[in-house]
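Report on the structure
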Amino acid sequence: AGLALGAALGGPLADRTVRPGRLLALAEALGAAVGLAIPWTVDAFGPALATAPVGVRLAAVVLACGVGMLPLGASLPAAVRCIDPVGARAARVLGRLYAVNTLGAVFGVAWPTAIGFEVHGTRAVVVAAAALQGAVAILAVLGLSRRRDAAAVTAPDADARAPGRPTLPRLPRGVTAAAFLAGA
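Residues numbered from 1 in each chain as written. Predicted model: local features only at pLDDT ≥ 70, side-chain atom pairs only at ≥ 80, totals over all residues. Heavy atoms only, no water.

1. Observations concerning the pattern of salt bridges
Here is the rule: By definition here, a salt bridge exists when the distance from a side-chain nitrogen of Lys or Arg to a carboxyl oxygen of Asp or Glu is within 4 Å. Helix numbers and strand numbers start at the N terminus; a helix is a DSSP run of H or I with at least 4 residues, a strand a run of E with at least 2. Between buried and exposed lies partly exposed: a residue is buried under 20% and exposed over 50% of the maximum accessible area for its type, with that area taken using a 1.4 Å probe on protein chains only.
Under the defined criterion, the tally for this structure stands at one salt bridge. Asp-43 is the partner of Arg-123 in a salt bridge, and the nearest nitrogen-oxygen pair spans 2.5 Å. One end of the pair, Arg-123, is in helix H5 (residues 122-144); the other, Asp-43, is in helix H2 (residues 20-50), with 80 residues separating them in the sequence. Judged by relative accessible area, Arg-123 falls into the partly exposed class, the value being 34%. Looking at Asp-43, the relative accessible area reads 45%, which means it is partly exposed.

2. Overview of the packing of aromatic side chains
The condition is simple: Only centres within 6.5 Å qualify two rings of Phe, Tyr or Trp (six-membered ring in Trp) as a pair; their planes then separate them into stacked at under 30 degrees, edge-to-face at over 60, and tilted for everything else. To sit over a ring, a charge needs its Lys NZ or Arg CZ within 6 Å of the ring centre and within 35 degrees of the ring normal.
Inspection of every chain in the model, using the stated rule, returns zero aromatic pairs. Just above the ring of Trp-40 sits the side chain of Arg-123; from NZ or CZ to the centre is 4.8 Å.

3. Focus on the packing of helix H1 (residues 2-16) against helix H3 (residues 54-83)
Packed helices, taken two at a time, are described by their axes: the angle between them and the distance between them. Quick reminder of the rule: Axis geometry follows a simple rule: fit a line to the C-alpha atoms, using only the stretch in contact for helices, then measure angles between N-to-C directions, giving values from 0 to 180 degrees. Take the far helix as the reference: if the near one is turned anticlockwise from it by less than a right angle, the crossing is left-handed, and if turned clockwise, right-handed. Note on definitions: a residue-residue contact is assigned when non-hydrogen atoms from the two residues lie within 4.5 Å. Amino acids are sorted into nonpolar (Ala, Val, Leu, Ile, Met, Phe, Trp, Tyr, Cys and Pro), charged (Asp, Glu, Lys and Arg) and polar (every other residue, Gly among them).
For the pair H1 and H3, the least separation of the axes is 6 Å and the interaxial angle reads 40 degrees. In this structure, H1 crosses over H3, and the sense of that crossing is right-handed. Of H3, the residues touching H1 (which contributes Gly-2, Leu-3, Leu-5, Gly-6, Ala-7, Leu-9, Gly-10, Gly-11, Ala-14 and Asp-15) are Gly-66, Met-69, Leu-70, Leu-72, Gly-73, Ala-74, Pro-77, Ala-78 and Arg-81. A per-class count over the contact of H1 with H3 returns eleven nonpolar, six polar and two charged.

4. Description of the packing of H2 against H3
Note the following rule: Every angle not falling under 35 degrees, over 145, or within 65 to 115 is termed oblique; those three ranges are roughly parallel, roughly antiparallel and roughly perpendicular.
The interhelical angle for the contact between H2 and H3, taken along N-to-C directions, is 170 degrees, at an axis separation of 8 Å. Our classification of the angle between H2 and H3 gives roughly antiparallel. When grouped by side-chain class, the residues that make up the contact of H2 with H3 number 19 nonpolar, four polar and three charged.

5. Here we look at the nonpolar core
Across soluble globular proteins, nonpolar side chains show a tendency to be buried alongside one another. This is how it is decided: Here the nonpolar core consists of buried residues drawn from Ala, Val, Leu, Ile, Met, Phe, Trp, Tyr and Cys, with membership extended through side-chain atoms lying within 4.5 Å.
Counting residues in each nonpolar core, the largest one holds 13 residues, and the members touching the most others are Leu-24, Ala-78, Val-93 and Leu-97. Looking at this core, the elements with two or more residues in it are H2, H3 and helix H4 (90-120).

6. Structural notes on H3
Stated precisely, the cut-off is as follows: One fewer than the residue count of a helix, multiplied by 1.5 Å, yields its expected span. Two axes enter the bend calculation: one fitted to the seven residues ending at the residue in question, the other to the seven starting there, and the bend is the angle between them.
The end-to-end C-alpha separation of H3 is 44 Å, in line with the 44 Å expected for 30 residues at 1.5 Å each. Largest kink in H3: about 30 degrees, centred on Leu-70, with the proline Pro-71 one to four residues after it.

7. Some points on the environment of Ala-137
Secondary-structure assignment places Ala-137 in helix H5. By relative accessible area, Ala-137 is classed as buried at 8%. When the C-alpha positions of Ala-137 and Leu-26 are compared, they lie 6.8 Å apart, and in sequence the two are 111 residues distant.

8. Things to note about the side chain of Gln-133
Along the chain, the position of Gln-133 falls in helix H5. Discounting residues that sit within four places of it in the chain, Gln-133 has contacts with Glu-28, Ala-32, Leu-72, Leu-181 and Ala-182.

9. Structural notes on the confidence of the model for the protein
Test applied: Values of pLDDT, ranging from 0 to 100, describe the predictor's confidence in every residue of the model.
Chain-level pLDDT for the protein is 80 on average; 82% of the residues reach the 70-or-more range. By mean pLDDT, the top-scoring element of the protein is H1 (91), and the lowest-scoring one is helix H6 (residues 173-183) (70).

10. Considerations on H4
Note: α-helices contain 3.6 residues per turn, so residues at a spacing of three or four share the same orientation. In this model, H4 (31 residues) spans only 40 Å end to end at C-alpha, well below the 45 Å of a helix rising 1.5 Å per residue. A bend of about 55 degrees at Pro-112 is the largest found in H4. Taken residue by residue, H4 has Val-93, Leu-97, Val-100, Gly-104, Pro-112 and Gly-116 as its buried positions. Looking one or two residues past H4, Gly-121 carries a phi angle of roughly 95 degrees, positive in sign.

Spelled out as structure tokens, the structure:
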């Protein structure tokens, strides 16, 4: 729910901003900060929740996850806008970003489950995940925060591709890495 609400709020915000890279950086930095806060929040409220009814514990987890995912949901619309400021290729750009982000998410679930939690412990894995989100924020600040000249970005030339064969948008390496890490 947090990802969906973040995307719903972040889409119009990404459309209005002249610096979508900064929005992406802010969303990822907020996600990292919330991720770092979760272990200490669990330490603070864990004892009280241990004796709480199941419904209260479930609501606490949903709230923590929802709040944590809200800024991360806003990052995808901002990333799409960084690559395609005028929206001429938004569907294709979104598809590529979503695919790379999903691969990162698979890795982000598989590694901790198979190795990370057992070898390093939950807190270390959570801190590492927050550090990755912080790295995404830094990548966004360094490579994407400049104002994009929307007039310079146009739709791909239909004559430049083979008939019946759509061209896929080339994602900048920094955005590809950020999308993968954001998923992880």
